[in-house]
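# Remarks on the overall topology
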Amino acid sequence: MSVEVRFASRRDFLGGLFSTGALILGARNLPARNTPDLDVTKSAWNPSVFLGLNTDGSVIIVAHRSEMGTGIRTSLPMVVADELGADWSRVRVEQAIGDKRYGSQDTDGSQSIRDFYVIMRETGATARLMLERAAAAKWHVPAAECRADNHQVIHAASHRTLSFAELITAAAAQPVPQKSEIVLKDPAEFKYIGKGVPSVDLTDICTGRAIYGFDVLVPGMVYASIERPPVLGGKLKHFDDSAAKQVRGVQQTVVIDEAKPPYAFQALGGVAVIADNTWAASQGRKKLKIDWEYGPHAIFDSGAYKKSLLEAATKPQKVVRNAGDVDAALSSATKVIEASYYTPLLAHAPMEPPAAVAHYRDGKVEAWAATQDPQAVQETVAKAVGIQANDVICHVTLLGGAFGRKSKPDYVAEAAILSKKIGKPVKISWTREEDIHFDYFHSTAGMYFKAAVDSSGRPQALLARSVYPPIGSTFDDKQRYSDTGELSLGLIDIPFDIPNIRAENGPAEAHVRIGWLRSVANIYHAFGVQSFMDELAAAAGQDPVEYWLAALGSPRKIDFEAEKTKYENYGKSITDYPLDTGRLRKVVEVVAERSGWANRKPAKGQGWGFAAHRSFLTYVAAVAQVEVDTAGKLRIPRVDLAVDCGPVINPDRVKSQFEGAAVFGVSVAVLGEITAADGRVQQSNFNDYLVARINEAPSETHVHLINTEGLPTGAGEPGVPPMAPAICNAIYAATGKRIRELPIRKQRLT
Amino acid sequence: MIHLKVNGASKAFSGDPEMPLLWYLRDELLLTGSKFGCGIGICGACTVHVNGQPVRSCVVAMSSLAGKEVITIEGLSLHADHPVQLAWAQINVPQCGYCQSGQIMQAAALLKSKPNPTAHDIDEAMQGNICRCGTYQRIREAIKAAAEVKA
């Protein structure tokens, strides 16, 4: 078990990876404007740093996105291999260190495939063309007659073949083709895209050999455990470490300065115990005696806070979308329906808590981290120890789950600060209690909806209001209102064809660090909107799916610009990725058909619920079947999810993401809640912060992928938002009990 | 000095007798396949076999292990070919994979005691093992598949 084999320390990864004489679509063949010091994110055409071929024909493909369970470390390299005409068994995947030359490595927002699918295809196709041209030159035939397939180039007319190995040197001498010369494969020719290959990490995972942040071993490293200010913004007044130092294996204690607002990705500060092993460090930390000054956030009480959010949501707030005249329609309506909804703070609680090793040496840091964003690690660590970002090397391990938590590298900053102070490599591995106390929490929201309905029950006006501490508060402590980006997650983009529609956002001060969690604000917005639509359907005495489709109206692309509404569309062009209600309708029709909605015959205590939502440019409809027994115990026998995420690249992994999202959705809907008193988070571990276990998960989840043409969209997150409303709507169908507050387990169902 | 066997090899431990087995395995023997998830024995990520029984190694003190035989994920099979491992790979159970060594050890112990578990048996035996990615459906399927191979 050699440490060096696991993580070679080398800055010049290209030089280290590829043997001399190899075709490196990289430094050597890089167009002149793309010198390594330039920010390649500005350059749309830079396929090069992802691919190398050795003279023995072996292919190395760089995975630059983080693997946290989506299969992306396999899926993107697989795309390159397919376009290249490579044999997957001769491909080795190497994990990239943090480096801007790869473009964004921030593995969140369900964007790896949608942002890099075409780039990966072009990368493979570029190298394929160079190999084909090299073969054509050897055979003196037109390149157009040569075709790369199965790790060789074939000239069909003369039945000649040359292996990649035989062509590498000649191909390397070819000029890099212009983008206009590249012809991507016809999808009918795909060998791997749309079919999939097993994860490159599968065997390692099943044998315990896979290496996560928690598993990094660096020679000479010590183990640290930190007692942090229990309330955000708290300060160390006085501490006594004499008992801690008596613990066997404890070496020393080190003070880390408290973070100052805005907290962003700073280390929170506190007192660190440095020890020979994880156990000794944690035992030593328990023996610290510390007096804290708690600071202004000690007033935070989640119960009172909830009331203030819900109250603010009933009052006029900042208008963020306004079409028609909602007030006029409401005042002249024959019937008005209103409802308030609430969702609590949530913790990410990935199975692997935050963990990293950092080694400060000679003004540089080498870090190994379970991180979703190694470039953010470079910037954060550099700031924390006063060096330049490009003097930080960040190796990326596998991530034992992340869900957004590991986009925030405060824990890597801790390791780096401690390493600088003590001059040794330092390992930080958070306990579950630290993970839950010091998360970047998913925000808590109070929402209010009011609709005017006509005599047929159809909505003529809709007012939608949400109030929650915004993510922006973590980066600007004065921020109270939400950014357009966050409001674009399910509040602004309500898709129904309602003539008068207005969305509003109210201010809220954050008392904990707020962060993004799998599907972000879509969680509460979809819960509110999709529950309220079900309430309107019930008030109209209509079938929820039929009512919903009628309200959605005829297929159209929502024109936010004509409404003068600011809408962010997940950072993508609304022309390329319109909000197409026709696609939304389609997933609803598919889920209804495949679940057997129209012919459902629930017995007493059983109910079916429905919800549909577009997020991360993907359209998802959900049907949940529930059973509530006489004691009020909830069971979820079956969930159906219909998904349109454009063309599907790796179907089994996309399916698994939606199967997982159904379970994550159960955790969100039924179980999860973070509360606070006196500024302190009250939950600490899986005994009081509950997440779904096997017996609480849906017994069956059926994922129906609609493989559409066009551009691929997100897969990791969009399964989550429709789950909570589908479950709550099913509970209503089963029991007549309307759930307006999460988690469901706090509600009486009988 | 505490003498025990880990994956068939004799070991002697002279550290803090209160140290949980998990940290001995991970920090001293560098067997990092067993994972930390909660530290209080309620998530199952650290599951290993002690004398054939599944235990949460994060709450088993070294002092209780004299003369015991510990098997970790690294020692479950020589060639990644335990029926549970094969079924796990065939059905592509893992997502992030972090909890899976614990899941596999728990499932292997279940099949040893109940070669043909019912759906209810599986949910009962596996509810101590959390998977935050939500691979439960495939875990059920893989246990059934492994049971068929064994039977």
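What comes next is a walk through the structure. Within any chain, residue numbers begin from 1 and follow the written order of that chain's sequence. Ligands are numbered from 1 and chains lettered from A, in the order in which they are written. For a predicted model such as this one, the threshold for reporting local features is a pLDDT of at least 70, and the threshold for listing and counting side-chain atom pairs is 80 or more; totals across whole chains, interfaces and linings nevertheless cover every residue. The basis for every side-chain value is the complete set of heavy atoms in the structure, and neither hydrogens nor water enter the calculation.

Residue and element names in this part refer to chain A. Numbering of helices and strands runs from the N terminus; a helix is a DSSP stretch of H or I covering at least four residues, while a strand is a stretch of E covering at least two. Expected helix span is taken as 1.5 Å per residue step, with the number of steps being one fewer than the number of residues. The end-to-end C-alpha separation of helix α19 (residues 723-735) is 18 Å, in line with the 18 Å expected for 13 residues at 1.5 Å each. When a residue's accessible area, from a 1.4 Å probe over protein chains only, is under 20% of the maximum for its type it is buried; when over 50% it is exposed; and in between it is partly exposed. For α19, the full list of buried residues reads Met723, Ala724, Pro725, Ala726, Ile727, Cys728, Asn729, Ala730, Ile731 and Ala734. Contact between two residues is taken to exist if any of their heavy atoms lie within 4.5 Å; hydrogens are not considered. Where the residues of α19 are buried, they touch α15 (522-540), β22 (606-615), β23 (618-628), β24 (634-644) and α18 (651-671). Looking one or two residues past α19, Gly736 carries a phi angle of roughly 80°, positive in sign.

Moving on, we get to empty space enclosed by the protein. Residues and elements named next belong to chain A. Only protein atoms enter the calculation, which uses a 1 Å grid: trapped sets of points that fit a 1.4 Å probe without letting it out are cavities, open sets showing protein on both sides within 12 Å along at least five of seven lines are pockets, and any residue with an atom within 4 Å of a point is a lining residue. Grid points are joined across faces, edges and corners, and a volume is the space filled by probe spheres set on the points. For the coordinates displayed, the defined rule picks out 11 cavities of 30 Å³ or more. Roughly 110 Å³ of volume is contained in the largest cavity. For the lining of the largest cavity, the class distribution of residues is 9 nonpolar, 3 polar and 2 charged. Summarising the domain contributions, the lining of the largest cavity has at least three residues from each of domain 2 (213-296 + 354-429) and domain 3 (302-346 + 440-746). Classes in brief: Ala, Val, Leu, Ile, Met, Phe, Trp, Tyr, Cys and Pro nonpolar; Asp, Glu, Lys and Arg charged; the others, Gly included, polar. Throughout the structure description, domain borders are defined by an automatic or database domain assignment.

Right, let's get into the interface of chain A and chain B. Contacts between the two partners involve 61 residues from chain A, matched on the other side by 50 residues from chain B. Salt bridge, as used here: a side-chain nitrogen of Lys or Arg that lies within 4 Å of a carboxyl oxygen of Asp or Glu. The interface formed by chain A and chain B includes 4 salt bridges. For the salt bridge of B:Lys35 with A:Asp215, the shortest nitrogen-to-oxygen distance reads 2.4 Å. Think of a polar contact as two N or O atoms within 3.5 Å of one another; within protein, one of them needs to be a possible hydrogen donor and the other a possible acceptor, and neighboring residues in sequence only count if both atoms come from side chains. Summed over the shared surface of chain A and chain B, the result is 30 residue pairs in polar contact (both at pLDDT 80 or more). The leading source of residues in the side of chain A that touches chain B is α18(A), at 10 residues.

What counts as a ring pair is set by centres within 6.5 Å for rings of Phe, Tyr and Trp (its six-membered ring), and what kind of pair is set by the plane angle: stacked under 30 degrees, edge-to-face over 60, tilted for all other angles. Enumeration according to the criterion identifies 21 aromatic pairs over all chains in this entry. Ring geometry for A:Tyr468 and A:Tyr524: centres 4.9 Å apart, planes at 50°, overall tilted. Linking A:Tyr468 in the loop between β20 (459-467) and α14 (484-487) with A:Tyr524 in helix α15, this pair joins segments that are 56 residues apart in sequence. On the accessibility criterion, A:Tyr468 (0% relative accessible area) is buried. Members of the aromatic cluster, each reached through a chain of ring pairs, are A:Phe496, A:Trp548, A:Trp597, A:Trp608 and A:Phe610. Each ring is checked for a lysine NZ or an arginine CZ that lies within 6 Å of its centre and within 35 degrees of its normal; such an atom marks a charge sitting over the ring. A:Arg405 extends its terminal NZ or CZ atom over the ring of A:Trp430, reaching a point 5.1 Å from the ring centre. The ring centre of A:Phe403 lies 5.8 Å from the NZ or CZ of B:Arg132, which sits over that ring.

Once that is clear, we can look at the nonpolar core. For soluble globular proteins, nonpolar side chains are generally found buried alongside one another. Here, nonpolar core means buried Ala, Val, Leu, Ile, Met, Phe, Trp, Tyr and Cys residues that are tied together by side-chain atoms lying within 4.5 Å of each other. Within the largest apolar cluster, 203 residues are counted, with the highest numbers of intra-cluster contacts made by A:Trp548, A:Phe610, A:Leu634, A:Ile727, A:Ile744, B:Leu21 and B:Trp88. In terms of residues, this core owes the most to one element, α18(A), which gives 11 residues. The residues contacting A:Phe610, other than those within four sequence positions of it, are A:Pro544, A:Val545, A:Trp548, A:Val588, A:Val591, A:Trp597, A:Ala621, A:Ala622, A:Val623, A:Ala726 and A:Asn729. By size, the runner-up hydrophobic cluster in this structure holds 45 residues, among which are A:Ile61, A:Met120, A:Ala136 and A:Val141.

In summary, the side chains of a regular strand alternate between the two faces of the sheet. Residue and element names in this part refer to chain A. With burial as the criterion, each face of strand β18 (residues 426-429) is covered, one bearing Val426 and Ile428 and the other bearing Lys427 and Ser429. For two strands to be treated as a pair, DSSP must find no fewer than two bridges joining them. Pairing of strand β8 (residues 222-227) with β18 involves 3 bridges; the strand directions are parallel. Bridge pairing links Val222 to Val426 in β18. Where strand β15 (residues 355-361) meets β18, 4 bridges bridge the pair, whose relative direction is antiparallel. Opposite Val357, over in β18, you have Lys427 as the bridge partner.

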